[in-house]
Amino acid sequence: MSIDSLRQKPSWKALEQHHSEIGAVHLRELFAQDPDRGERLCAEGAGLYLDYSKNRVTDETMRLLCELARECGVEERRDAMFRGQHINVSEDRPALHVALRMPRGSSLVVDGADVVAQVHSVLDRMATFARRIRSGEWKGHSGKPIRNIVNVGIGGSDLGPVMAYEALRHYTRRDLTFRFVSNVDATDFVEATRDLSPEETLFIISSKTFGTLETLTNARSARDWVVGALGSEEAVARHFVAVSTHARRVAEFGIDTANMFEFWDWVGGRYSMDSAIGLSTMVAIGPEQFQDMLAGFHAMDEHFRTAPLEANLPGLMGLLAVWYAEFFGVQTIGVMPYEQYLKRFPAYLQQLTMESNGKHVTLGGTPVDYDTGPVYWGEPGTNGQHSFYQLIHQGTRLIPLDLIGFGKSLNPLGDHHDILSSNIFAQAEALAFGKTEREVRAEGTAPEVVPHRVMEGNRPTNVLLGEVLTPRLLGTLVSLYEHSVFTQGVIWDIDPFDQWGVELGKVLAARITPELTSDAERELTHDSSSNALIRRYRALKH
């Protein structure tokens, strides 16, 4: 594609004209002109209901956005992904996270191998291992059963397992303790293990290459902690398992490769929580519930694959994100789950969305001349309402929100859940319609205070509703956002499956570390700022 090809598409030009006509129209007016839009601008699939009527769109907007998707080849590229074609162009790989949740007995042959058969072979080994831990059959070096599981990873090898554990805590074994170590900051490891007994602790070391600096640094500290307490290198085999593809490095570390669980280079880290990276999740909730989670992923995969764009939840959400980013100049989108168990879901989505679509060149390598990859962030409701919602309601920046709620609570207690849920609908209503100057004056507000109490409204929201948070519905939610991100990436003609921007800092850090640890002063060849900072650090250190 040429630099300006997206902007030259007929549907894009039609959207530009359409935005000039309706971009300033208030949601109050849209609802007045179309009172039934709340019953029409909605979609449902895989156990989720999406109300997108409080977006600054009309039927014509959605028609043009779907036309843009078709012109950009969203459906063709989606089908290519499901066929296992090499749609990750910069790494010449397929992006086959959808194969991780295909049912047993399905078949998808890619590059001569049936990847579904491979997936279920690993899932079966994971299930056997999880049952051994959960039953107490697996014993540590001193003969005691494992009571503590510590997942050591970073990025997708940490964010997915942490989010899933917190999201599904209701379903976990409460007599097992789960901890997660990711940061190379020693505090993370020390605090995670401070109150644990090495005799009863198992470490899951999650690293595809078994060479990630942060993960291996923490893994070596974990090995020293276990061996120091139990007095034998032989203890490593009973207190460590690996999620990796690099058998030689795993064996050199001291882990029995029979306890290495494989995943593949066609699984990106941020798409891997339902692969062997989810081993800690399976131990926590059990193999059966893990399978339910996979079924939820697959249900949304099938919805995305088969539903027409006009009724396709991930497609619609992706198109709305493009609408706001390109035509309203939106830089950030908030995701607010009204469910305490989903407190880490926004952090998980930060990697999924921004590592995927934070790109500045097209698939063909030419610079884009439009914005890609808005900043995603969020906090659980109702906490956010008492902090940053002020800016969303009355600030100068337009910030669309996804509000996620459930019809039932996993912990029913009095009227808590009704109060919680009322805030979802109240916030969506308040953001959309605001409070006019006339309404404020009618309340008898002092004239000098009136401007401060006016809320412009016209702030868009999506409301997502499910029945209750289950492993299945968590899988559905994650898959929803995966495919929304994919839809956006296809529109922008970028590769959402590579992450070269992560690499440069790693390379430079590997170069700088010896300059910080050497006893002898080294000649520094960085810029003057970096050189000065390194010298100051060395002085502070000594």
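Residues numbered from 1 in each chain as written. Predicted model: local features only at pLDDT ≥ 70, side-chain atom pairs only at ≥ 80, totals over all residues. Heavy atoms only, no water.

(A) Quick look at the overall build of the protein chain. On a plain count of helices and strands, the protein chain comes out with 23 helices and 13 strands. Its C-alpha atoms give the protein chain a radius of gyration of 25 Å, within 12% of the compact-globule value 24 Å for 542 residues. Judged by the C-alpha coordinates and their principal axes, the protein chain covers about 75 × 60 × 60 Å. Taking as baseline every contact in the protein chain between residues at least 6 positions apart, the subset at least 24 positions apart corresponds to 73%. Where the 54 positive side-chain charges of the protein chain centre and where its 71 negative ones centre are 4 Å apart. (Helix = DSSP H or I, 4+ residues; strand = E, 2+ residues; numbered from the N terminus. Rg over C-alpha atoms; globule rule 2.2 N^0.38 Å. Contact = heavy atoms within 4.5 Å. Lys, Arg positive; Asp, Glu negative; His and termini not counted. Charge placed at Lys NZ, Arg CZ, Asp CG, Glu CD.)

(B) Expanded view of helix H23 (residues 528–541). A rise of 1.5 Å per residue sets the reference length of H23, with its 14 residues, at 20 Å; its end C-alpha atoms lie 20 Å apart and thus fit the reference within 8%. Taken residue by residue, H23 has Asn531, Ile534 and Arg538 as its buried positions. Down the axis of H23, the sector holding all buried residues measures 65°, keeping them to one side. Within H23, the exposed residues directed more than 90 degrees away from the buried face are Ser528, Leu533, Arg536, Ala539 and Leu540. Where H23 is buried, its residues touch helix H22 (503–517). Between the side-chain oxygen of the N-cap and the backbone nitrogen of Ser529 there are 3.0 Å, and the N-cap of H23 in question is Asp527. (Expected span 1.5 Å × (residues − 1). Buried < 20%, exposed > 50% of the residue type's maximum accessible area, 1.4 Å probe, protein only. Arc of directions from axis to C-beta. Polar contact = N/O pair within 3.5 Å; in protein donor to acceptor, adjacent residues only side chain to side chain.)

(C) How the structure looks around the sheet that holds strand S7 (residues 201–206). With parallel pairing, five strands are arranged side by side in an open sheet as S6-S5-S7-S8-S9. Of all the strands in the sheet, just strand S6 (177–181) and strand S9 (260–261) have a single pairing partner and so form its edges. Contacts from helix H8 (residues 156–167) reach strand S5 (148–152), S6 and S7 within the one sheet, and its direction differs from that of S6 by about 150°. On the sheet, helix H10 (residues 213–230) packs against S5, S6, S7 and strand S8 (240–243) and is oriented at approximately 160° with respect to S7. (Pairing = 2+ DSSP bridges. Axes fitted to C-alpha atoms, helices over the stretch in contact; angles between N-to-C directions.)

(D) Summary view of the pairing of strand S12 (residues 401–406). Counting buried residues in S12 gives six out of six residues, a clear majority hidden from the surface. The two faces of S12 match: Leu401, Leu403 and Gly405 on one face and Asp402, Ile404 and Phe406 on the other face are all buried. Looking at chain direction, strand S10 (residues 332–337) and S12 are connected through four bridges and run parallel. Along S12, the bridge assignment pairs Pro337 with Ile404. Where S12 and strand S13 (residues 461–466) come together, six bridges link them in parallel fashion. Bridge assignment links Asp402 to a residue of S13, and that residue is Asn462.

(E) Expanded view of the sheet that holds S13. Judged by pairing direction, the sheet is mixed, and its six strands sit side by side in the order S1-S2-S13-S12-S10-S11 without closing on themselves. Each edge of the sheet is formed by a strand with only one pairing partner; in this case those strands are strand S1 (42–45) and strand S11 (375–377). Each strand of the sheet is rotated relative to its neighbour by a mean of 15°, with strand direction disregarded. Bridge count for strand S2 (residues 48–51) against S13 is three bridges, and the pairing is antiparallel. Paired with Tyr49 across the strands is Leu465, a residue of S13. Running over the sheet, helix H18 (residues 416–433) touches S12 and S13 and is turned about 155° from S12. Contacts between helix H21 (residues 471–492) and the sheet are confined to S2, S10, S11, S12 and S13, with S12 contributing the most and set at about 160° to the helix.

(F) Summary view of the nonpolar core. Counting 127 residues, the largest nonpolar core has Phe345, Leu474 and Tyr481 as the members making the most contacts within it. When residues of this core are sorted by domain, at least three fall in each of domain 1 (34–56 + 329–471) and domain 2 (97–288). With 23 residues, the next largest nonpolar core counts Val150, Val152, Val181 and Val226 among its residues. (Core = buried A, V, L, I, M, F, W, Y, C linked by side-chain atoms within 4.5 Å. Domains from an automatic or database assignment.)

(G) View of the pattern of salt bridges. In this structure the tally under the stated criterion is 32 salt bridges. Among the salt bridges present, the one from Arg78 reaches Asp79, with a minimum N-O distance of 3.2 Å. Given a relative accessible area of 27%, Asp79 falls into the partly exposed group. For Lys435, the salt bridge goes to Glu443, with nearest N and O atoms at 2.6 Å. Residues joined by salt bridges that share partners form a network here, namely Arg101, Asp274, Asp301 and Glu482. (Salt bridge = Lys/Arg side-chain N within 4 Å of Asp/Glu carboxyl O.)

(H) Spatial organisation of unusual backbone geometry. With an omega dihedral of 10°, the bond running from Gly381 to Thr382 counts as a cis peptide bond. With respect to the helices, strands and loops of the structure, Thr382 is situated in the loop between S11 and helix H17 (389–394). The residue Asp92 is not glycine, and still its phi comes out positive at about 50°. Considering the arrangement of structural elements, one finds Asp92 in the loop between helix H6 (74–83) and strand S3 (109–110). Under the relative-accessibility criterion, Asp92 is labelled exposed at 53%. The phi angle at Asn458 is positive, at roughly 65°, despite the residue not being glycine. Within the secondary structure, Asn458 sits in the loop between helix H20 (450–453) and S13.

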